[in-house]
Amino acid sequence: MQPNAWIMKTQAHRALINSKRQRPSGGLHTTSHSELSSQHFAFTVYNPTLPLTDTSLTCHVRSRPQPPPVELAERESENQERKAREDAEQAQLPYKWTQTIRDVDVTAPIPANLKGRDMDVVLTKNKIRVAIKGQEPLIEGDFPHAILVDESSWTLETTPTPPGKEINVHLDKVNKVEWWPHVVTTAPKIDVTKITPENSSLSDLDGETRAMVEKMMYDQRQKEMGGPSSDEQKKMELLKKFQAEHPEMDFSNAKMG
């Protein structure tokens with residue numbers, strides 16, 4: 001048995017329920033199991049909407065200790081090294097790209113004398129090809145996630161710096177709550193857990209999408225600091241509520257996991 005995981009105990013409680021022939025009300029119910037370590041507290045959450053044979057979920061809770069300063073410093077150093085490697089890999093690509101939670105933009109320099117008819121550009125739901133006709137592609141491959149083809153486009157623009165023009169490709173994401181690690185699956189990845197969108201970008205999102213993105217950002221920050229995720233905090237709140245309702249029980253060794 002894994003002491004830090006949610007564990008289904010349908011068989012353990014089936015006999016209990018069948019013997020009493022009545023279902024407990026929804027909520028928390030304490031239970032004890034001889035195989036559990038005394039350092040872990042087990043409680044059972046009953047769901048009265050489930051069949052009798054699948055009415056409960058037993059969990060162990062284990063808290064996550066705050067990492068010491070030395071470990072936090074090591075993590076920061078590792079993050080800086082990772083970012084340097086990532087920047088070096090991205091700099092080797094023949095194009096540059098940026099993204100918001102909704103879309104991706106790719107730019108690549110081309111000679112100033114070229115026109116649209118000189119370009120070979122193909123955009124499908126799952127693939128991209130951008131090339132000067134008769135030359136090797138600037139970018140070609142599969143997207144990591146699907147795009148909306150009708151909402152995507154490409155243009156040529158004059159630039160003040162050599163070689164004088166660039167091709168801009170705009171890709172509209174199908175899934176607008178997902179970061180892309182790269183434009184094509186053969187390219188080096190970036191660490192999407194480190195992306196922090198600007199507040200101005202978040203304000204453009206609808207309420208539900210913004211809530212999902214903010215939750216994702218919060219969980220990423222908590223992970224970096226060694227703190228609990230939003231889901232883990234909900235479990236802790238559930239345990240605290242149970243503690244308040246049962247002051248006679250000893251929770252000194254209870255751990256959240």
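Keep in mind that what you see is a predicted model, and the values were worked out from it rather than measured. (Residues numbered from 1 in each chain as written. Predicted model: local features only at pLDDT ≥ 70, side-chain atom pairs only at ≥ 80, totals over all residues. Heavy atoms only, no water.)

Q: What should I look at first to understand the sheet that holds strand 6 (residues 103–111) in this one?
A: Sheets are built from strands paired through backbone hydrogen bonds, the pairs being either parallel or antiparallel. What the four strands build is an open sheet, ordered 5-6-11-10; its pairing is antiparallel. Because the sheet does not close on itself, it has two edges, and the strands there are strand 5 (96–99) and strand 10 (153–158). On average, adjacent strands in this sheet sit at an angle of 20° to one another, irrespective of strand direction. Bridge count for strand 10 against strand 11 (residues 164–172) is six bridges, and the pairing is antiparallel. Bridging across to strand 11, T158 finds its partner in K165. (Pairing = 2+ DSSP bridges. Helix = DSSP H or I, 4+ residues; strand = E, 2+ residues; numbered from the N terminus. Axes fitted to C-alpha atoms, helices over the stretch in contact; angles between N-to-C directions.)

Q: Looking at this structure, I do not really get the nonpolar core. What am I missing?
A: The nonpolar side chains of soluble globular proteins are, as a tendency, buried together. Of all hydrophobic cores here, the largest spans 30 residues; its most connected members are Y95, L171 and V183. Of all the elements in the fold, those that place two or more residues in this core are strand 6, strand 7 (119–123), strand 8 (127–132) and strand 11. In terms of residues, this core owes the most to one element, strand 6, which gives four residues. Beyond its immediate stretch of four places on either side in the chain, V183 contacts Y95, W97, V104, V106, I139, D142, F143, P144 and L171. (Core = buried A, V, L, I, M, F, W, Y, C linked by side-chain atoms within 4.5 Å. Buried < 20%, exposed > 50% of the residue type's maximum accessible area, 1.4 Å probe, protein only. Contact = heavy atoms within 4.5 Å.)

Q: Got a minute to help me understand unusual backbone geometry in this structure?
A: Phi is mostly negative for residues that are not glycine, and the peptide bonds are mostly trans. A cis amide bond links P162 to the next residue, P163, at an omega of 5°. On the secondary structure map, P163 appears in the loop between strand 10 and strand 11.

Q: Just checking my understanding: could you explain the side chain of N168 for this structure?
A: With respect to the helices, strands and loops of the structure, N168 is situated in strand 11. Judged by its relative accessible area of 15%, N168 is buried. Among the polar contacts made by the side chain of N168, one reaches the side chain of E157 at a distance of 3.0 Å. Residues contacting N168, with those up to four places away along its chain left out, are V106, T107, S153, W154, T155 and E157. (Polar contact = N/O pair within 3.5 Å; in protein donor to acceptor, adjacent residues only side chain to side chain.)

Q: What's the story with helix 2 (residues 69–91) in this structure? I'm lost.
A: Along an α-helix, residues three or four apart share an orientation, since each turn contains 3.6 residues. End to end, helix 2 covers 33 Å across 23 residues, agreeing with the expected 33 Å (1.5 Å per residue, within 8%). When we look at burial in helix 2, the residues that qualify are R82, E86 and Q90. Contacts made by the buried residues of helix 2 are with strand 5. (Expected span 1.5 Å × (residues − 1).)

Q: So what exactly am I meant to see when it comes to helix 5 (residues 230–245) here?
A: Relative to the 22 Å expected for 16 residues at 1.5 Å per residue, helix 5 spans 23 Å between its end C-alpha atoms, a close match to the ideal helical length. If you check which residues of helix 5 are buried, you get S230, E232, L239 and F242.

Note that every value here comes from positions in space, so none of it alone points to a role or purpose.
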